[in-house]
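The residues making up each chain are set out below.
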Amino acid sequence: MDKQDAGARAAWWRARVRSGSLPPCDLPLDRAASPDRSTLRRARVQVPLDAVLAPALRPDILTAALAVLLARLGGSAEAGFALLRSATPGEPVVLPLALRLAPGRGVAQLLDAAAAAIAEAEAQARGWTALQAALPDQDPAALARVLLVVDANARGAEAGAGGPVADLRIGAVRGEAAPVLLADFNAGALDESSVRAWLGALVVLLASIRSAAPGAPVAKLPWAGESELRRLRALQPAASAYPRDAAAHELFESQVDRTPDRPATADAATRWTYAQLEVRANQYAHVLRARGVARGSRVGISLERGVEMLAALLGTMKAGAGYGPLDPAVPPERLAFMAQDASLAAVVTQAAFAERFALPAERLVIVDATADEVSAAPAARLPRDSRSAGPLDDAFVVYTSGSTGRPKGVRIHHRSAVNFLASIEREPGIAADDVVVAVTTLSFDMHFYELVLPLVVGARNYVATRDEARDGRALARRLAEEGGTFLQTTPATWRMLVEAGWQSRPGFTMVSAGEPLPAAGATAMIAGGGVAWNGYGPSETGYATFWRVAEPANGILIGHPIANSSVWVLDAAGNPSPVGIRDELYIC
């Protein structure tokens, strides 16, 4: 190669980098890579290939498959990596590439693009040293964090074979009996389990590309094998029976009919049996119905924590409406937004909070100002008629935090709520002799399960005050005084309890939710002999999964789906992602 040709090739590579046509390799590392590339700890993995895949080991198919894998791993529409081939004589040749996976691109188009990219780079080929010299303002190694070795021998897949020190170097070797896929990787930044998962996905993609029709969309190429898909399907729960046509409050009413004199709920000042709570809830239902509330309406609940709050939300559902929690501790401007956005037909509140809601007086039920009206209302249960809520009507509405923008209302209909109750009754499990201490603010969907679930199984709850819920010693005292056996709350509150000297005991059920559960916190929770569960689920779904805590030092999991639901990890096109690969979680 003469000087003029070498200079032209160097200029070509500089122009490619400066134009952004060669993005840096984007590999999801398990740990930050050491900046000192000369001291990296290396490891090697190999995966045998079926002999029928030998024809798929052409540079264009390997390049196309690796581009799809890297694009999906990075959540991007393009993939940057480099080809490496040996040169005789001389040092290895490194060819940085970029492939863009345009929407709607078919397999044949992808293979054509891969072949064209290889040919274009080959026409400007430089040895590794020369390529580094050609890019003085760029770290060339950033373009070669992932190397695809296109020589059909084992030497090129080893880190010592020359060229850049990559985080991941992959090569296909045609063995005597069958081909083998080799990977040499930076063990300081990548786990072997991750690399094995990627190689497995690459094998599936090679087979998918080889067998796909020319026009098959690249986005829909599977990358999880059949055995993995069977394993993933087996993780989903079988359908189970539950009262799908009942409304949530009707489950409470059935329990009232079975155990009217059994203790149901209490707060710091009041204790009610099931019959007494039923009467008070019925009275709220009649008061709301007199204000025009019925099926399809929404009613805000803005009360201090206590049994009246519980009766009001049960009464709202009995009137046919869904309730919207309006925690008085929430900033007034957020309360006003939620009240307007939810199109509330009425608000049940107290005199101290009434002025926060821009509603006519007749649409406000001010509990401490209209106590006589509520007490004078009929005690009888409203009949089920056209004004009553059905299984697909709202039970309640909660709002997301708004951390990613404007808060949005999430509607939980009765069928979903009833399924949640039936599922959680079985696991984590609750029985008639349990005592649930309820500490969750109405702003979070978790409140529904600790307030209503005990009342559909014959158990009782205690509605903790706001002060009790945020004071570890006070909450520990209340748990002891009430004989509490079940508590769900956030890891922060569990930590607060433990730091106050509280310890679980055998027969005590603990549910942690709302935030990631630290291993140290989980260890402290179960130290006294209680059973701990990690619950997971966004506001949009409520609880989606549960995991019984076991050996927290080995990791905290989100567990398996609740009854009559499924949870999948899918890529951007809706393909199931292989086991061991991080992607988006879909809750169905």
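Since the structure is predicted, the reported quantities are computational estimates derived from the model, not experimental observations.

Draft legend 1. View of the overall build of the protein. What the protein contains, in helices and strands, is 18 helices and 23 strands. Projecting the C-alpha coordinates of the protein onto the three principal axes gives extents of approximately 100 × 50 × 45 Å. When each of the 588 residues of the protein is scored for burial, the buried share is 53%. If you take every contact in the protein between residues at least 6 apart in sequence, the share linking residues at least 24 apart comes to 65%. As presented, the protein carries roughly 24,800 Å² of accessible surface, and 53% of it is formed by carbon and sulfur atoms. Between the mean site of the 58 positive side-chain charges and the mean site of the 61 negative ones, the protein shows a separation of 3 Å.

Draft legend 2. Representation of the packing of aromatic side chains in the model. For the structure shown, the criterion picks out 11 aromatic pairs. Judged by centre distance (5.8 Å) and plane angle (40°), the ring pair of W494 and W502 falls under tilted. A single burial state applies to W494 and to W502, both of which are buried. In textbook terms, an aromatic cluster arises when at least three aromatic residues are bridged by ring pairs, as seen for Y323, F396, F420, F448, Y449, Y543 and F546. Over the ring of W223 we find R72; its NZ or CZ atom is 5.3 Å from the centre of that ring.

Draft legend 3. Examining helix α7 (residues 248-258) more closely. For α7, the tally of buried residues reaches eight of 11 residues, placing the bulk of the element in the interior. In this structure, the buried side of α7 is in contact with α8 (274-290), α9 (307-318), α13 (414-429) and α14 (447-452).

Draft legend 4. Representation of unusual backbone geometry in the model. Residues E427 and P428 are joined by a peptide bond in cis, for which omega reads 10°. Relative to the helices and strands, P428 resides in helix α13. Phi at S343 is positive, roughly 50°, even though this residue is not glycine.

Draft legend 5. Highlighting the packing of α8 against α9. Two elements in contact, α8 and α9, have axes whose closest approach is 7 Å; the angle formed by their N-to-C orientations is 55°. Regarding the angle of α8 to α9, the classification is oblique. As α8 runs across α9, the sense of the crossing is right-handed. Contact with α8, carried on its side by L277, E278, R280, A281, N282, Y284, A285, L288 and R289, involves E308, L310, A311, A312, L314, G315, T316 and K318 of α9 and no other residues of that element. When grouped by side-chain class, the residues that make up the contact of α8 with α9 number nine nonpolar, three polar and five charged.

Draft legend 6. How the structure looks around the sheet that holds strand β5 (residues 168-174). Read from one edge of the open sheet, six strands run β1-β6-β5-β4-β2-β3, paired in mixed fashion. Strand pairing shows two members of the sheet lacking a second neighbour, β1 (42-48) and β3 (93-100), which therefore form its edges. Sheet twist, expressed as the mean angle between neighbouring strand axes with direction ignored, is 25°. Alignment of strand β2 (residues 78-85) against strand β4 (residues 146-149), held across three bridges, turns out to be parallel. When the bridges of β4 are listed, L83 appears paired with L148. Sitting on the sheet, helix α3 (residues 107-123) touches β2 and β3, and the angle it makes with β3 is about 145°. Packed onto the sheet, helix α5 (residues 192-211) meets β1, β5 and β6 (179-186) and runs at close to 145° relative to β6.

Draft legend 7. View of the side chain of Q255. When you line up the elements, Q255 lands in helix α7. Here Q255 falls in the buried class, since its relative accessible area comes to 5%. Not counting the four nearest positions on each side in its chain, Q255 is found in contact with Y274, L455, V456, V457 and G458.

Draft legend 8. Quick look at a nonpolar patch on the surface. A contiguous nonpolar surface patch, about 210 Å² in accessible area, is contributed by Y536, I558 and L585. Inspection of the secondary structure puts I558 in the loop between β20 (545-548) and β21 (560-561). Judged by its relative accessible area of 31%, I558 falls in the partly exposed class.

Draft legend 9. Region of the structure containing the environment of A519. Its place among the elements puts A519 in helix α18 (residues 519-526). Sequence separation between A519 and P214 is 305 residues, and the spatial gap between their C-alpha atoms is 49 Å. Sequence-distant contacts of A519, that is, excluding residues within four places in its chain, are made with P552 and I556.

Draft legend 10. Looking closely at the pairing of β4. Neither face of β4 is left uncovered, since the one carrying V146 and L148 and the one carrying L147 and V149 both have all their residues buried. With four bridges joining them, β4 and β5 adopt parallel strand pairing. Its bridge partner being in β5, L147 is matched across the sheet by R169.

Draft legend 11. Examining the pairing of strand β11 (residues 346-349) more closely. Here β11 shows two buried faces, one formed by A346 and V348 and the other by V347 and T349. In the sheet, strand β9 (residues 298-302) pairs with β11 via four bridges, with the strands oriented parallel. Note on β11: the bridge partner recorded for G300 is V347. When β11 meets strand β12 (residues 364-366), the two strands line up parallel, connected through three bridges. Opposite V347, over in β12, you have L364 as the bridge partner.

Draft legend 12. Looking closely at the pattern of salt bridges. For the structure on display, the rule yields 30 salt bridges. The salt bridge partner of R100 is E78, with a shortest N-O separation of 3.0 Å. Taken together, the residues R100 in strand β3 and E78 in strand β2 connect sequence positions 22 residues apart. For R100, a relative accessible area of 41% corresponds to the partly exposed category.

What counts, and at which threshold
- Residues numbered from 1 in each chain as written.
- Predicted model: local features only at pLDDT ≥ 70, side-chain atom pairs only at ≥ 80, totals over all residues.
- Heavy atoms only, no water.
- Helix = DSSP H or I, 4+ residues; strand = E, 2+ residues; numbered from the N terminus.
- Buried < 20%, exposed > 50% of the residue type's maximum accessible area, 1.4 Å probe, protein only.
- Contact = heavy atoms within 4.5 Å.
- Areas by Shrake-Rupley, 256 points an atom, 1.4 Å probe, with all protein chains shown as cover.
- Lys, Arg positive; Asp, Glu negative; His and termini not counted.
- Charge placed at Lys NZ, Arg CZ, Asp CG, Glu CD.
- Phe/Tyr/Trp six-rings, centres within 6.5 Å; stacked < 30°, edge-to-face > 60°.
- Lys NZ or Arg CZ within 6 Å of the ring centre and 35° of its normal.
- Axes fitted to C-alpha atoms, helices over the stretch in contact; angles between N-to-C directions.
- Parallel < 35°, antiparallel > 145°, perpendicular 65-115°, else oblique.
- Left-handed = near helix turned anticlockwise from the far one by under 90°.
- Nonpolar A, V, L, I, M, F, W, Y, C, P; charged D, E, K, R; others polar.
- Pairing = 2+ DSSP bridges.
- Patch = residues over 30% accessible without salt bridge, like charges linked within 9 Å, V, L, I, M, F, W, Y side chains within 5 Å.
- Salt bridge = Lys/Arg side-chain N within 4 Å of Asp/Glu carboxyl O.

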